[in-house]
Amino acid sequence: MTSILTLTKNGERQLDAIVVELSGVADPMAVRDNWNQAMLQGHPATKLASLDRTVTLIDACTFGTDWMSWDIAGDRDRWTEQGDDCAAVRKVPELLAEQVGK
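Everything quoted here is computed from the prediction, not taken from an experiment.

Chemist: Could you give an account of the overall build of the chain, with specific residues and numbers?
Modeler: Looking only at helices and strands, the chain has six helices and zero strands in total. In the chain, the order of α-helices and β-strands from amino to carboxyl end is α-α-α-α-α-α. In terms of overall dimensions, the chain is more spread out than a globule: its C-alpha atoms have a radius of gyration of 16 Å, far above the 13 Å expected for 102 residues. Seen through its principal axes, the chain has C-alpha atoms that stretch 50 × 30 × 20 Å. Within the chain, the proportion of its 102 residues that are buried is 20%. Within the chain, contacts between residues at least 6 apart in sequence are counted, and of these 48% link residues at least 24 apart.

Here is the structure:
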């Protein structure tokens, strides 16, 4: 939300589109849900931009191997933030399924 306000200079700068790239384990649907909540609460960023679509890109070279792994997110370098124990125990295939299945 803050980035949208900054990029648009609080609505003074017109942009055709803003592309937000999430980390490898971010949940695109959680971003959508957060946006909808902010819209209901009247956050200023939601008056300057709209969330029209989400796109998930798949790394075809690694997806199959990751899908079949027993790894958890905490096993992967930079997949989780320091101290985020909840995210660290999530199974990699589970995270992949959430990202591509919605």
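Chemist: Account for the side chain of Thr8, with residues named and values stated.
Modeler: Relative to the assigned elements, Thr8 resides in the loop between helix H1 (2-7) and helix H2 (28-40). Residue Thr8 is classed as buried on the basis of its relative accessible area of 5%. Excluding residues that lie within four positions of it along the chain, Thr8 makes contacts with Arg13, Leu15, Ile18 and Leu48.

Chemist: Outline the pattern of salt bridges, listing residues and values.
Modeler: Summed over the entire model, instances satisfying the criterion amount to five salt bridges. In this structure, the salt-bridge partner of Arg32 is Asp33, at a minimum N-O distance of 2.8 Å. Exposure remark for Asp33: the relative accessible area of 37% places this residue in the partly exposed category. Among the charged side chains, a salt-bridge network with shared partners connects Asp66, Asp71 and Arg76.

Chemist: Tell me about the side chain of Thr46, and name the residues and values.
Modeler: The residue Thr46 is located in helix H3 (residues 45-48) in this model. Side-chain polar atoms of Thr46 contact the backbone oxygen of His43, separated by 2.7 Å.

Conventions and cut-offs
Residues numbered from 1 in each chain as written. Predicted model: local features only at pLDDT ≥ 70, side-chain atom pairs only at ≥ 80, totals over all residues. Heavy atoms only, no water. Helix = DSSP H or I, 4+ residues; strand = E, 2+ residues; numbered from the N terminus. Rg over C-alpha atoms; globule rule 2.2 N^0.38 Å. Buried < 20%, exposed > 50% of the residue type's maximum accessible area, 1.4 Å probe, protein only. Contact = heavy atoms within 4.5 Å. Salt bridge = Lys/Arg side-chain N within 4 Å of Asp/Glu carboxyl O. Polar contact = N/O pair within 3.5 Å; in protein donor to acceptor, adjacent residues only side chain to side chain.

All we've got here are geometric facts, nothing functional implied.
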